[in-house]
Amino acid sequence: METTKDTYRGDFPFFTNNPDLVYLDSAATTQKPTQVLEATLTYNGAQHANIHRGAYELSIEATNKFDAVRSKVKAFIGASLEEEIIFTSGTTESINMIVSSYAGLHLEEGDEIVLSILEHHSNLVPWQQLAIARKLKLSYMYINDLGIIEPDEIEVKIHDGVKIVAITMMSNAIGVKTPIEAIIKRTHQVGGIVVVDGAQAVPHQAIDVVSMDMDFLVFSGHKMMASTGVGVLYGKKALLETMAPYRYGGDMIEYVEEQVTTFAKLPSRLEAGTPNIEGVISLGAAIDYINHIGMDTIHNHEMMLTQYALLKLSELDYVNIIGTTDIQFKGPVISFNIRDVHSHDTAFILDNAHIAIRSGHHCAQPLMHYMKVPSTARISFYIYNNTEDVDQLITHLKEVRRWLGYGS
Amino acid sequence: METTKDTYRGDFPFFTNNPDLVYLDSAATTQKPTQVLEATLTYNGAQHANIHRGAYELSIEATNKFDAVRSKVKAFIGASLEEEIIFTSGTTESINMIVSSYAGLHLEEGDEIVLSILEHHSNLVPWQQLAIARKLKLSYMYINDLGIIEPDEIEVKIHDGVKIVAITMMSNAIGVKTPIEAIIKRTHQVGGIVVVDGAQAVPHQAIDVVSMDMDFLVFSGHKMMASTGVGVLYGKKALLETMAPYRYGGDMIEYVEEQVTTFAKLPSRLEAGTPNIEGVISLGAAIDYINHIGMDTIHNHEMMLTQYALLKLSELDYVNIIGTTDIQFKGPVISFNIRDVHSHDTAFILDNAHIAIRSGHHCAQPLMHYMKVPSTARISFYIYNNTEDVDQLITHLKEVRRWLGYGS
Amino acid sequence: MDLSSVYTEIIMEHNQAKHNKHQLTATTHKERGHNPSCGDDITLALTVEDNIIIDAAYDGMGCAISQASTSMMIDLVKGKTVEEAREKVSTFIRLIKGEVNPDDALEALEDVVVLSNIKNMPARVKCAVLAWHTLDEALNNPSE
Amino acid sequence: MDLSSVYTEIIMEHNQAKHNKHQLTATTHKERGHNPSCGDDITLALTVEDNIIIDAAYDGMGCAISQASTSMMIDLVKGKTVEEAREKVSTFIRLIKGEVNPDDALEALEDVVVLSNIKNMPARVKCAVLAWHTLDEALNNPSE
Ligand SMILES: Cc1ncc(COP(=O)(O)O)c(C=O)c1O
Ligand SMILES: Cc1ncc(COP(=O)(O)O)c(C=O)c1O
């Protein structure tokens, strides 16, 4: 395998500003290219105005810029209509919105919701709390030893009467993909709807919500090179239209009287108050950047790195990789543990060598509990990583057991 | 009255980038000084990492930077405890959070909520919709011809049994201040709690939540030189502790199991998911900037401009100022109409002269309806405005009626 | 931008003229239209008999453009059939979108073509088209 | 940063030693403590009789620092009175905050002072203090 050149790293001031740093935590949050930083700065420093409100040109231009991002997001995920794109503050808000304004409105006592045991707390706790409050049944699809949800599990768990299946496309904790097509197909067979957590998938692979027949898709800007504080809720128009407003306030109303209010049409109806304008603009710039590089190029680059890292890690006999190492079931995330060493020590020792990795439960405690792995060390890649990052990781991983007082 | 020098305008790249623009719409959103732009850029371009999660230094530093802002906000509004400061996406979210997680939990059928007719839709529609859903009584304190809530009105409307009074400190639509101290005192007398909408006040005057005995105070970053997408919910700890989590997800949990979850302590319990980190950092930088200038200096400068503008406007007999012109009851916002001219035409004609003002109902339809004024033209000031801005406004205001085909 | 291409004499006349701004006695169609962001808010009333708009009037508030556009529209469609009126709405929308040029629209829209300048002013497009969208809605929804 | 000041021999010994990591038979106090962000999660069990901690043990998972700190703490407080144990907790917290220096803490904390280096490592402070906060909580909340 050949080493990659830094074709894209030069676009990221973060790496110029931190020349010694090996950043392997993009599943937590990604760095931003100059293109995104500049789009935000230009807006903030030269074009800032509130949107949907002003009778002056600056405000109209800001509104147009904002609305143009809706159209970019639409194209990016293959949606049919602009009003199917709702801007939120992130994946967590998107999911909470579906839970309270869709599920909370339509589900009845005894109805069943199915999740997978792979879910991030953000796609688990909201459903669980709704289930408790409303006496719904909450079930889980479990995984095999490789972290994979097997076809049988889908058949058995998604049965008649299941109303909602909420499922991640890729586990942020162990990097394993879920059989999303099969799950969507099965759910639709039994008459349920599917909420897809795309936080870890949308940044790394081409998505087409229409051909994949997704009912809802949610993701965060900050995991795809845009700002924190911005995210997306995609929903089929027919579903969005049945949702109650999630927040009430400016811009989502039509007529307000003292005791009654009529609400605006989609998408405004689900977007109350001054939004994160610069966040939305950064998301537009990030999508432009991704399109400019090409999602295939990004995907191939990341998977090459993942393959390379898996190979190198497999040469260290004290490294235990969690979940499958079969690249076709994986995103650019690898979770592992070093024998006898807690992941926090691993991360700390690597940090000392300027290698940033994540350790802990990755907001997936039920998964960790199910796998009987209290915590893992996790590395994750994006377009700006290279094989040298992996080599450095491996070099310093070799020191970890020695520091902890083990022979090697 | 002497003209002011541009002591602070030089700090704002927006004005260098728009040298011809007269920006008189700060009540909608403010421009950002270099200090704020740079703080955001430095974080995004050199120090970005997710918070509360990483085992590496960059993440810990980001977490510390984030937490330091909590302590700045605390000092800025005179709160006693850091955990009384909850970061939100803005005033609208802050209010919706209080409505659903506090009022929604504690109020019972027949309980009464009192608002003022001056409220922004964000501090009106959420209460109204809760009242409808839960069969609560919703009453309004009305204003006199000057836009002022009179002492009698407070006595009469805030009576025994009123559970919540939600009140703005300053009307964004007509710039009139409310008698906040009297309202708080009276509400506490009858055993209710007060939710203060500080969106228009916190950026312009010193606040001390403890000495003013506010129960809840909410405001937005983008109206005080910070980013859009960030805001604050202050609540007395004893009240915050009785609130249900508003969103479920990462960072607000303690232990998550498949069917049950325990939640984190304040403030985390009310802050789920990856927050708007750069927004919070920008808020910290904005507070530093305000403290550096001094809130008194800001206030005095704005009130001088307001006084000057009121004087100049009063010289034009076809200008009808809405609400009191007594400066002691006003913030730096003036609403007016030109005889026979719709405010939208006024704004459009001024925009043509590069003067940005707001027109319409200012997200306060019930107020407009009550005052029988379908729309107004509104100007508003901040630290970067000067008397020349006012002079330009006046010059071009004089042309408005002529364009509309009236003699003068 | 040249303001005189917006605030033309005929627009000012219609803005100030109140001949179409009143209540109708026998209303067959009524529709409220508004632009929430700027506060234009009109209610359009029609009397349609034997498929002909025999009377029309409006009420409400709005900027000079929306008021003039409403008033001029009413003058234009009074006495026309429902189909003719719909046709005119569609021509007007295309005029404002720049899809048809003023000369080609002259026959259908008569002096309303003066509003074609609005197409270059995003802030005002909504004001100009409000009445026309409202008319279209009204024609689709008879009062009972 | 010099890792050898963190991963000292005695810390490594206590991390690997399991003599305090087991279940107690007669537990009078039990408390779970955890650092949600890094996954340290321990349960501390005490047997207190006549105000003396006659036995103590822990269970759970965590990094080397949290495990070693827990184990060393147990060695230190076994046989001590509740008040003495509380006093040691408070001294340890002050040591880690840098409010007392290792020499002055030596008498109270014995070889536990080796953990004082942690005070310069924000990422590890929580790991080091976890067991001590948990002990304090446990002493405040007897099992019944
Ligand atoms: C799979 C998955 N879902 C949801 C989330 C929550 O995203 P956010 O914190 O941006 O709301 C994350 C981020 O960690 C994730 O990886
Ligand atoms: C008095 C008042 N309250 C609430 C809001 C809503 O603030 P935001 O849009 O930032 O949520 C505003 C802003 O226009 C306001 O002026």
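Note that the structure is a prediction, hence the values are computed from the model and not measured. (Residues numbered from 1 in each chain as written. Chains lettered and ligands numbered in written order. Predicted model: local features only at pLDDT ≥ 70, side-chain atom pairs only at ≥ 80, totals over all residues. Heavy atoms only, no water.)

Engineer: Would you explain the site of ligand 1 in this entry?
Structural biologist: Inspection of the region around ligand 1 gives 15 residues, with Thr92, Asp197, Ser220 and Lys223 of chain A together with Thr274 of chain B positioned closest. Those residues lying near ligand 1 are distributed over chains A and B. Taking Asp197 of chain A, its side chain carries an N or O atom lying 2.5 Å from a nitrogen atom of ligand 1. Interatomic distance of 2.6 Å between a side-chain N/O atom of Ser220 of chain A and an oxygen atom of ligand 1. For ligand 1, whose free accessible area comes to 390 Å², the fraction covered by protein is 98%. Taken together, the residues of the shell around ligand 1 sort by class into 1 nonpolar, 11 polar and 3 charged. (Near = heavy atom within 4 Å. Polar contact = N/O pair within 3.5 Å; in protein donor to acceptor, adjacent residues only side chain to side chain. Areas by Shrake-Rupley, 256 points an atom, 1.4 Å probe, with all protein chains shown as cover. Nonpolar A, V, L, I, M, F, W, Y, C, P; charged D, E, K, R; others polar.)

Engineer: Just checking my understanding: could you explain the site of ligand 2 for this structure?
Structural biologist: Thr274 of chain A together with Thr92, Asp197, Ser220 and Lys223 of chain B are the nearest of the 15 residues found near ligand 2. Nearby residues place ligand 2 at the junction of chains A and B. Protein contacts shield 98% of the accessible area of ligand 2, which totals 390 Å² for the unbound molecule. A breakdown of the residues in the shell around ligand 2 according to their chemical character gives 1 nonpolar, 11 polar and 3 charged.

Engineer: Just checking my understanding: could you explain the packing of aromatic side chains for this structure?
Structural biologist: Scanning the entire structure with this criterion turns up 29 aromatic pairs over all chains. With a centroid separation of 5.2 Å and an interplanar angle of 90°, the aromatic rings of Phe14 of chain A and Phe15 of chain A are classed as edge-to-face. Here the two residues Phe14 of chain A and Phe15 of chain A agree in accessibility, since each one is buried. Arranged with centres 5.6 Å apart and planes meeting at 70°, the rings of Phe14 of chain A and Tyr23 of chain A form a pair that is edge-to-face. You'll find Phe14 of chain A and Tyr23 of chain A in the same group, each marked buried. Among the aromatic residues, those joined into a ring-pair cluster are Phe12, Phe14, Phe15, Tyr23, Tyr289, Tyr382 and Tyr384 of chain A. The side chain of Arg402 of chain B reaches across the aromatic face of Trp403 of chain B, ending 5.8 Å from its centre. (Phe/Tyr/Trp six-rings, centres within 6.5 Å; stacked < 30°, edge-to-face > 60°. Buried < 20%, exposed > 50% of the residue type's maximum accessible area, 1.4 Å probe, protein only. Lys NZ or Arg CZ within 6 Å of the ring centre and 35° of its normal.)

Engineer: Quick question: what am I supposed to make of helix H2 (residues 64–77) of chain D here?
Structural biologist: One turn of the α-helix equals 3.6 residues, which is why residues spaced by three or four share an orientation. All names here are of chain D. In a regular helix each residue adds 1.5 Å, so 14 residues correspond to 20 Å; H2 covers 20 Å between its end C-alpha atoms and thus fits that length. Among the 14 residues that make up H2, 13 are buried, leaving the element largely enclosed by the rest of the structure. Phi turns positive, to about 90°, at Gly79, one or two residues after H2. (Helix = DSSP H or I, 4+ residues; strand = E, 2+ residues; numbered from the N terminus. Expected span 1.5 Å × (residues − 1).)

Engineer: I keep staring at the interface of chain A and chain B and nothing clicks. Help me out?
Structural biologist: The figure often quoted for interface size is the accessible area lost as the parts come together. In this complex, chain A contributes 79 residues to the contact, which on the side of chain B involves 79 residues. Between chain A and chain B the total buried area reaches about 6,400 Å² when both faces are included, carbon and sulfur atoms providing 52% of it. Where chain A touches chain B, the interface holds 4 salt bridges. Across the pair Lys32 of chain B and Glu278 of chain A runs a salt bridge, and its minimum N-O distance is 3.9 Å. Remark: the boundary between chain A and chain B carries 52 residue pairs in polar contact (both at pLDDT 80 or more). A breakdown of the residues in the side of chain A that touches chain B according to their chemical character gives 35 nonpolar, 32 polar and 12 charged. (Contact = heavy atoms within 4.5 Å. Buried area = accessible area lost by both parts, 1.4 Å probe. Salt bridge = Lys/Arg side-chain N within 4 Å of Asp/Glu carboxyl O.)

Engineer: Would you mind showing me how to read the relation of the copies chain A and chain B here?
Structural biologist: One copy of the chain maps onto the other through a rotation about an axis plus a displacement along that axis. In screw terms, the move from chain A to chain B is a rotation of 180° and a rise of 0.0 Å along the axis, fitting with an RMSD of 0.0 Å. In symmetry terms, the pair is related by a two-fold rotation axis. Considering only C-alpha atoms, the part of chain A nearest the rotation axis is Gly229 of chain A, at 3.3 Å. When you check the interface residues of chain A against chain B, 100% turn up at the interface there too, and the contact is symmetric in its surfaces. (Least-squares fit on C-alpha atoms with pLDDT ≥ 70 in both.)

Engineer: I keep staring at the sheet that holds strand E3 (residues 52–61) of chain D and nothing clicks. Help me out?
Structural biologist: Within a sheet, adjacent strands bond to each other through the backbone by hydrogen bonds, running parallel or antiparallel. Residue and element names in this part refer to chain D. Taken together, the 3 strands give an open sheet; going across it, the order is E1-E2-E3, and neighbouring strands pair in antiparallel fashion. Of all the strands in the sheet, the pair left with one neighbour each is strand E1 (29–35) and E3. The average angle at which neighbouring strand axes cross in this sheet is 20°, direction not considered. Bridge count between E1 and strand E2 (residues 40–49): 7 bridges; the pairing is antiparallel. Considered in E2, the bridge of His29 is made with Leu46. Contacting E2 and E3, H2 crosses the sheet at an angle of about 170° to E3. (Pairing = 2+ DSSP bridges. Axes fitted to C-alpha atoms, helices over the stretch in contact; angles between N-to-C directions.)

Engineer: Help me understand the arrangement of the chains, please; the structure alone is not making it clear to me.
Structural biologist: No other pair among the 5 pairs of chains in contact exceeds the contact count of chains A and B. Contact between chain C and chain D is absent, and the minimum C-alpha spacing across the pair is 45 Å.

Engineer: Where do I start with the interface of chain C and chain B in this structure?
Structural biologist: Chain C puts 22 residues into the contact, and the matching count from chain B is 14 residues. Across the chain C to chain B interface the summed buried area is about 1,500 Å²; carbon plus sulfur atoms make up 61%. Broken down residue by residue, the surface that chain C buries against chain B is led by Leu3, Tyr7 and Cys38 of chain C, which jointly contribute 33%. At the junction of chain C with chain B, the criterion picks out 1 salt bridge. Residue Asp345 of chain B pairs with Arg124 of chain C through a salt bridge whose shortest N-O separation is 2.7 Å. Put simply, the parts of the chain that give the side of chain C that touches chain B at least two residues each are helix H1 (9–16), helix H2 (64–77) and helix H5 (122–140) of chain C. Considered class by class, the residues forming the side of chain C that touches chain B number 14 nonpolar, 6 polar and 2 charged.

Engineer: So what exactly am I meant to see when it comes to the packing of helix H3 (residues 82–96) of chain C against H5 of chain C here?
Structural biologist: Any two packed helices are characterised by how steeply their axes cross, that is the angle between the axes, and by the distance between the axes. Residues and elements named next belong to chain C. Across the interface, H3 lies against H5 with an axial gap of 10 Å and an inter-helix angle of 155°. It follows that H3 is roughly antiparallel to H5 by the angle criterion. By crossing handedness, the relation of H3 to H5 is classed as left-handed. Of H5, the residues touching H3 (which contributes Val82, Ala85, Arg86, Lys88, Val89, Phe92, Ile93 and Ile96) are Val125, Ala128, Val129, Trp132, His133, Leu135, Asp136, Leu139 and Asn140. For the contact of H3 with H5, a count of residues per class yields 12 nonpolar, 2 polar and 3 charged. (Parallel < 35°, antiparallel > 145°, perpendicular 65-115°, else oblique. Left-handed = near helix turned anticlockwise from the far one by under 90°.)

Engineer: I tried to follow the confidence of the model for chain C on my own but got confused; where do I start?
Structural biologist: One rule of thumb: low pLDDT means the predicted coordinates there are not for detailed reading. Averaged over every residue, the pLDDT of chain C is 93; the share at 70 or more is 99%. On the interface metric, ipTM, the complex scores 0.94, and its pTM is 0.96. (pLDDT = per-residue confidence, 0-100.)

Engineer: What exactly am I supposed to notice about the pairing of strand E12 (residues 333–338) of chain B here?
Structural biologist: Each regular strand displays side chains that alternate between the two surfaces of the sheet. Residues and elements named next belong to chain B. Of all 6 residues making up E12, 6 are buried, and the element is well covered by its neighbours. Side chains Val333, Ser335 and Asn337 project from E12 onto one buried face, and the interleaved Ile334, Phe336 and Ile338 project onto a second face that is buried too. Sheet topology note: the strand E11 (residues 319–321)/E12 ladder contains 3 bridges and is antiparallel. Counterpart to Ile321 in the pairing with E12 is Phe336. The sheet contact formed by E12 and strand E15 (residues 376–380) spans 4 bridges and is antiparallel.

Engineer: So what exactly am I meant to see when it comes to the domain arrangement of chain A here?
Structural biologist: All names here are of chain A. Here chain A is described as being made up of domain 1 (4–24 + 294–403) and domain 2 (37–291). Relative to domain 2, the C-alpha centre of domain 1 lies at a distance of 28 Å. Contact with domain 1, which involves 32 residues of that partner, is made by 31 residues of domain 2. For the pairing of domain 1 and domain 2, the buried interface totals around 2,600 Å² over both sides, and the portion due to carbon and sulfur atoms is 65%. Taken together, the connections running from domain 1 to domain 2 amount to 16 residue pairs in polar contact (both at pLDDT 80 or more). (Domains from an automatic or database assignment.)

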